[in-house]
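Analysis of the macromolecular model
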Amino acid sequence: MPERLRVVCYVNQFFGQIGGEEKAGVEPLSRDGAVGAARAVQQALGDAGTVVATVICGDNYAAEQSDRALAAMVALVAAAKPDLVVAGPAFLAGRYGVACGALCAAVQAQLTVPAVTGMHAENPGVDLYRRSVYIVQTGAEATRMLPEAQRLVALGLKLARGEKIGAPAAEGYFARGVTRNVVTETTAAERATAMLLDKLAGRPFASEVPRPSFASVPAPRLVKTLEGATIALVTDGGLVPKGNPDGIEALNATRYGAYSIEGKDALDAAQYENPHRGYDTTWVKQDPHRLVPVDVARELEQRGAIGKLHETVYSTVGVATTLAQSARMGAEIAEKLRAAGVDAVILTST
Amino acid sequence: MTPVAVMVGANRIVPAAGIIHPLGNAELSPDDEKALRRRIVEQALQALRTEVAKPTVFSSA
């Protein structure tokens, strides 16, 4: 009989029975035993473990003071010396889901304690944390709290006991993007043929190589006329000032640079270089305008065809760059452009 | 590379002059090369003021 595990639960102010939105600013606190939704976790654990503490934090506090909230929650979790942390489930609650993912990731990394959470597929916490955290797929609302808690606990117990974790579909968690070798009875040719026959017959089949899914981004409308708009130039073709001051990688980039073109009607080739290793950069190094059209954009600005050319060009290297890194860099650049009052972007790509 | 841009969901796509020099062409005279670049940038501006509902390739003028 394995000994009872010490489990710490994390819930928000609502599921911790402190209050609704009016209490969403509550700072992290810890209560002994299982409080609120953590009681479902205790029920699911049965004799396998005891919820020794419930950590509670208001959703707004967790979202707005995320660094401070996370540090405080990790400290409260550590004080209870858990063998396992169960966060949520957060269902479709966005702030809550992101906080659950962040806490699980931090607990694993800083305390080396296994952690599990659960949420709905469309909770933003899924995309942010599924690569580092086991996130069990739940419904959108807390109508089936006990069975969902049971699924979290089932996976959590396996993690805490160091048992082998099965494939995402079998265990009910979101795929973490991990590729694992498995031995099968049939060859790839036989499996592919079977899949094709299923497809032709209209039967369901599951690909062994899921393609990355690209979320569709609604196309924004230019709300101003071009004559009144500020236009920025951005590129993934790798143009950087001599010396590559930001150390942008030659491939699989994780960094981008912001480079001023203030007072420049044109780019002087002698002042630029290009670390991009995904295409022959000879021609762009000869004349950077072949990638970043500062010369004609400046003329269009002077002619009044556009209101203003933004004085900062953003550049990174787009080759073998992961989707996650691209999305992060794109979001960061977009945020900076928006803060600077830019209305539209021409992104030149090689 | 426009099919890739469509696949990943870029909304306004203007075909350019080539992978190694999207906004230029070393085989043209400097004046012609700049004119080519101006056409592509103007087409990008035209695309920006066009409302689209899905990834759209603005074919070269």
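Presented here is a report on the structure given in the accompanying data block. The model shown is predicted, which means the values in this text are computed figures rather than measured ones.

1. Considerations on the overall build of chain A
- Helix and strand counts for chain A come out as 11 helices and 13 strands.
- Counting over 350 residues, chain A shows a buried share of 40%.

2. With respect to the overall build of chain B
- Helix and strand content of chain B: two helices and two strands.
- Reading chain B from its N terminus to its C terminus gives the helix and strand order α-β-α-β.
- Buried residues in chain B amount to 25% of all 61 residues.
- When contacts within chain B are restricted to residue pairs at least 6 apart in sequence, long-range pairs at least 24 apart make up 51% of them.

3. Regarding the sheet that holds strand β1 (residues 5–12) of chain A
All names here are of chain A.
- Strand order in the open sheet formed by six strands is β2-β3-β1-β4-β5-β6, and the pairing between neighbours is mixed. Edge strands, defined here as strands with exactly one partner in the open sheet, are β2 (29–32) and β6 (134–137). The mean inter-strand angle of the sheet, taken between neighbouring strand axes irrespective of direction, is 25 degrees.
- Judged from the four bridges that link them, strand β5 (residues 115–119) and β6 form a sheet pairing that is parallel. Counterpart to valine 116 in the pairing with β6 is tyrosine 134.
- Running over the sheet, helix α1 (residues 38–45) touches β1, β3 (49–57) and β4 (84–87) and is turned about 165 degrees from β3.

4. A word on the nonpolar core
- In this structure, A:Cys9, A:Val41, A:Met73, A:Val85, A:Val86, A:Leu103 and A:Cys104 are the most contacted members of the largest nonpolar core, which totals 63 residues.
- No other element matches the eight residues that helix α4 (residues 94–111) of chain A contributes to this core.
- Apart from residues no more than four positions distant in its own chain, A:Cys9 is found in contact with A:Ala34, A:Ala38, A:Val41, A:Val51, A:Thr54 and A:Val86.
- In this structure, A:Leu239, A:Ala253, B:Ala16 and B:Ile40 belong to the second largest nonpolar core, which totals 34 residues.

5. Looking at the interface of chain B and chain A
- The interface of chain B with chain A comprises 24 residues on the first partner and 27 residues on the second.
- Every element with two or more residues in the side of chain B that touches chain A is listed here: α1 (2–8) and α2 (30–48) of chain B.
- With seven residues, the single largest contributor to the side of chain B that touches chain A is α2(B).
- Class assignment of the residues belonging to the side of chain B that touches chain A gives a composition of 14 nonpolar, four polar and six charged.

6. Some details on the environment of A:Lys158
All names here are of chain A.
- Of note, lysine 158 is situated in helix α6 (residues 145–160).
- Given 17 C-beta atoms within 10 Å, lysine 158 falls into the partly exposed group.
- With 44 residues separating them in the primary sequence, lysine 158 and proline 114 have C-alpha atoms 9.7 Å apart.
- When residues no more than four places from it in sequence are discounted, the contact partners of lysine 158 are Glu163 and Ile165.

7. Points about the environment of A:Ala109
All names here are of chain A.
- Within the secondary structure layout, alanine 109 lies in helix α4.
- With 12 C-beta atoms packed within 10 Å, alanine 109 lands in the exposed category.
- Sequence separation between alanine 109 and serine 132 is 23 residues, and the spatial gap between their C-alpha atoms is 9.7 Å.

8. Brief notes about unusual backbone geometry
All names here are of chain A.
- In this chain, glycine 88 is followed by proline 89 through a cis amide linkage whose omega measures 5 degrees.
- Examined against the element boundaries, proline 89 turns out to sit in the loop between β4 and α4.
- Within the chain, phenylalanine 91 stands out as a residue other than glycine whose phi angle is a positive 50 degrees.
- For phenylalanine 91, the position within the fold is in the loop between β4 and α4.
- When the 21 C-beta atoms within 10 Å are taken as the criterion, phenylalanine 91 is described as buried.
- Of note in this structure, threonine 112 is not a glycine but carries a positive phi near 45 degrees.
- Threonine 112 gets classed as exposed once you count the C-beta atoms within 10 Å, which come to 7.

9. Focus on the packing of α1(A) against α6(A)
Residue and element names in this part refer to chain A.
- Closest axis-to-axis distance for the α1/α6 pair is 8 Å, and the angle between their directions is 60 degrees. Compared by their axis directions, α1 and α6 come out oblique. Regarding α1 and α6, the two cross each other, and that crossing is right-handed. Contact with α1, carried on its side by Ala40, Val41, Gln43, Ala44 and Leu45, involves Met145, Leu146, Ala149, Gln150 and Val153 of α6 and no other residues of that element.
- Its residues placed into classes, the contact of α1 with α6 shows eight nonpolar, two polar and no charged.

Criteria and cut-off values
- Residues numbered from 1 in each chain as written.
- Chains lettered and ligands numbered in written order.
- Predicted model: local features only at pLDDT ≥ 70, side-chain atom pairs only at ≥ 80, totals over all residues.
- Helix = DSSP H or I, 4+ residues; strand = E, 2+ residues; numbered from the N terminus.
- Buried ≥ 20, exposed ≤ 12 C-beta atoms within 10 Å, placed from the backbone.
- Contact = placed C-beta atoms within 7 Å.
- Pairing = 2+ DSSP bridges.
- Axes fitted to C-alpha atoms, helices over the stretch in contact; angles between N-to-C directions.
- Core = buried A, V, L, I, M, F, W, Y, C linked by C-beta atoms within 7 Å.
- Nonpolar A, V, L, I, M, F, W, Y, C, P; charged D, E, K, R; others polar.
- Parallel < 35°, antiparallel > 145°, perpendicular 65-115°, else oblique.
- Left-handed = near helix turned anticlockwise from the far one by under 90°.

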